[in-house]
Amino acid sequence: MKAKKLSGNSFRNLLPFEVEFCDKVNIIYGDNAQGKTNLIEGLWLFTGAKSFRTSKDTELVAFGQQKAELSLDFISGGIEREAKITVTNRRNAELDTKKLKTASALAGNFCAVVFSPVDLQTVKDGPALRRKFVDLAIYQLYPSYAPVLKDYTKAVIQRNALLKSMDKKLVSNDLLDAFEEEISLLGKKIIDYRIKYCSHLTQNASDIYRELSSLREELEVEYLPSCPVEDLAERLYMSRKTDVFLGITSVGPHRDDLDFKINGISARNFGSQGQQRSVALSLKLAEAKTLKDITGEQPVAILDDVMSELDPSRQAFILNHIKDWQVFITCCDKANINPLKEGKVFTVLGGKVKE
């Protein structure tokens, strides 16, 4: 997997640009708020996923403009391909001149792994961040996952609205029956996807963490459903009284989590900051390894201002693992990427990208 050329117009604060990348290391250098992260954000959108910075597509369009346009030439499976994205109040996409139904349909064609400072919080923050990590990874492997998750989320929102109105006795249980049937059906599919993916991820993460810790520590990663998949419909029904009181749906894959243990002890509760960051690093590198294992393609690596957040030993570990990949690194301090001896450097100043 190689990104060859990225161009754009009216995207974020970037002036119209066209940049050609090298196959090894591409460094995007500049001070804060100049637009360097916007450049790799535009690249990431071609995975079919939403931005890793915002859930609102309208924020991607330059101030005062009606739409943003992006185009990417890339190589996948040895074949040259071209994709285009247009952003208004939503994203629309084309692949090899063919219009796609949704931008998420790009998933599986251009694969990348993005690592930003927020990923260092994966272990110690709440379960929503860990679920997002798993879901984004699954999108790229199984494009059919996106509509399932979207429909599931919509059904949960509708059930929650009914639960809140039931407190005022405005709806019947028949409506809840219908939504719970849909939540159960879609929820089981989501859990199956996640279990299938995590069965690959966990072994890769454990192997990488063992190497990162110089064979001194063992990492266990476990997917934790909020209830057994076969019991989801029954648990939804049994939790109605509590859910009406709380106004939320308390069981289902939107409540699932990942658990991390180092030598049998909870990394979240008892791990040091260094151990927690090592787990986060292992997860992201394992995500890339899993993508390659399943698709046969090495994904593009995007490191957004993450090197400055890591100590020298972890910086070296990442650089050692990605030395044979195509990688994009944003940074404010060139000293963080001194070990990289070959590649291209792009400077971003005031929204202008230049080599």
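The structure presented is a predicted model; accordingly, all values stated were derived computationally and were not measured.

Q: Which parts of the structure should I look at to understand the packing of aromatic side chains?
A: The description of an aromatic ring pair uses the distance of the two centres, along with the angle that the planes make with each other. Summed over the entire model, instances satisfying the criterion amount to seven aromatic pairs. With a centroid separation of 5.5 Å and an interplanar angle of 70 degrees, the aromatic rings of Phe74 and Phe110 are classed as edge-to-face. In this pair, Phe74 is assigned in strand 4 (residues 68-76) and Phe110 in the loop between strand 7 (98-99) and strand 8 (112-115), connecting sequence segments 36 residues apart. Each member of the pair, Phe74 as well as Phe110, carries the same accessibility label: buried. Taking the centre distance of 5.0 Å and the plane angle of 70 degrees together, the rings of Tyr145 and Tyr193 count as edge-to-face. With a gap of 48 residues between them, Tyr145 in helix 3 (residues 145-166) and Tyr193 in helix 4 (residues 173-212) connect regions that are remote in the sequence. Accessibility assignment for this pair places Tyr145 and Tyr193 in one class, buried. Put simply, the rings of Tyr139, Tyr142, Tyr145 and Tyr193 touch in pairs and so form one group of aromatic residues.

Q: Can you walk me through the sheet that holds strand 4 in this structure?
A: Working definition: the strands of a sheet are paired by backbone hydrogen bonds and lie parallel or antiparallel to each other. With antiparallel pairing, six strands are arranged side by side in an open sheet as 2-1-4-5-6-7. Strand pairing shows two members of the sheet lacking a second neighbour, strand 2 (17-20) and strand 7, which therefore form its edges. Bridge count between strand 1 (residues 2-9) and strand 2: four bridges; the pairing is antiparallel. Across the sheet, residue Ser7 finds its bridge partner in strand 2, namely Glu18. Docked against the sheet, helix 1 (residues 36-44) engages strand 1, strand 2 and strand 4, running at close to 115 degrees with respect to strand 1.

Q: Teacher, can you tell me more about the pattern of salt bridges here?
A: One side chain can pair with another of opposite charge once the charged atoms of both are near each other. Enumeration over the complete set of coordinates arrives at 23 salt bridges. With a closest N to O distance of 3.2 Å, Arg194 and Asp135 form a salt bridge. In this pair, Arg194 is assigned in helix 4 and Asp135 in helix 2 (residues 127-141), connecting sequence segments 59 residues apart. Among the residues examined, Arg194 registers a relative accessible area of 3% and is labelled buried. By relative accessible area, which is 9% here, Asp135 ends up buried. Linked by salt bridges that have partners in common, Arg159, Asp177, Glu180, Arg240 and Asp243 make up one network.

Q: Before we go on, may I ask you to explain a nonpolar patch on the surface in this structure?
A: Together, Phe245, Leu246 and Ile248 make up a nonpolar patch on the protein surface, roughly 330 Å² of accessible area in all. Checked against the element boundaries, Ile248 lands in the loop between helix 6 (240-246) and strand 10 (257-262).

Q: Explanation requested: the sheet that holds strand 8 in the structure shown.
A: Taken together, the six strands give an open sheet; going across it, the order is 8-12-13-3-14-15, and neighbouring strands pair in mixed fashion. Since the sheet does not close on itself, it has two edges, and those belong to strand 8 and strand 15 (352-354), each with one partner. Across the sheet, the axes of successive neighbouring strands diverge by a mean angle of 15 degrees, strand direction being ignored. The pairing of strand 14 (residues 344-349) with strand 15 spans three bridges and is antiparallel. Along strand 15, the bridge assignment pairs Val348 with Val353.

Definitions and cut-offs
- Residues numbered from 1 in each chain as written.
- Predicted model: local features only at pLDDT ≥ 70, side-chain atom pairs only at ≥ 80, totals over all residues.
- Heavy atoms only, no water.
- Phe/Tyr/Trp six-rings, centres within 6.5 Å; stacked < 30°, edge-to-face > 60°.
- Helix = DSSP H or I, 4+ residues; strand = E, 2+ residues; numbered from the N terminus.
- Buried < 20%, exposed > 50% of the residue type's maximum accessible area, 1.4 Å probe, protein only.
- Pairing = 2+ DSSP bridges.
- Contact = heavy atoms within 4.5 Å.
- Axes fitted to C-alpha atoms, helices over the stretch in contact; angles between N-to-C directions.
- Salt bridge = Lys/Arg side-chain N within 4 Å of Asp/Glu carboxyl O.
- Patch = residues over 30% accessible without salt bridge, like charges linked within 9 Å, V, L, I, M, F, W, Y side chains within 5 Å.
- Areas by Shrake-Rupley, 256 points an atom, 1.4 Å probe, with all protein chains shown as cover.

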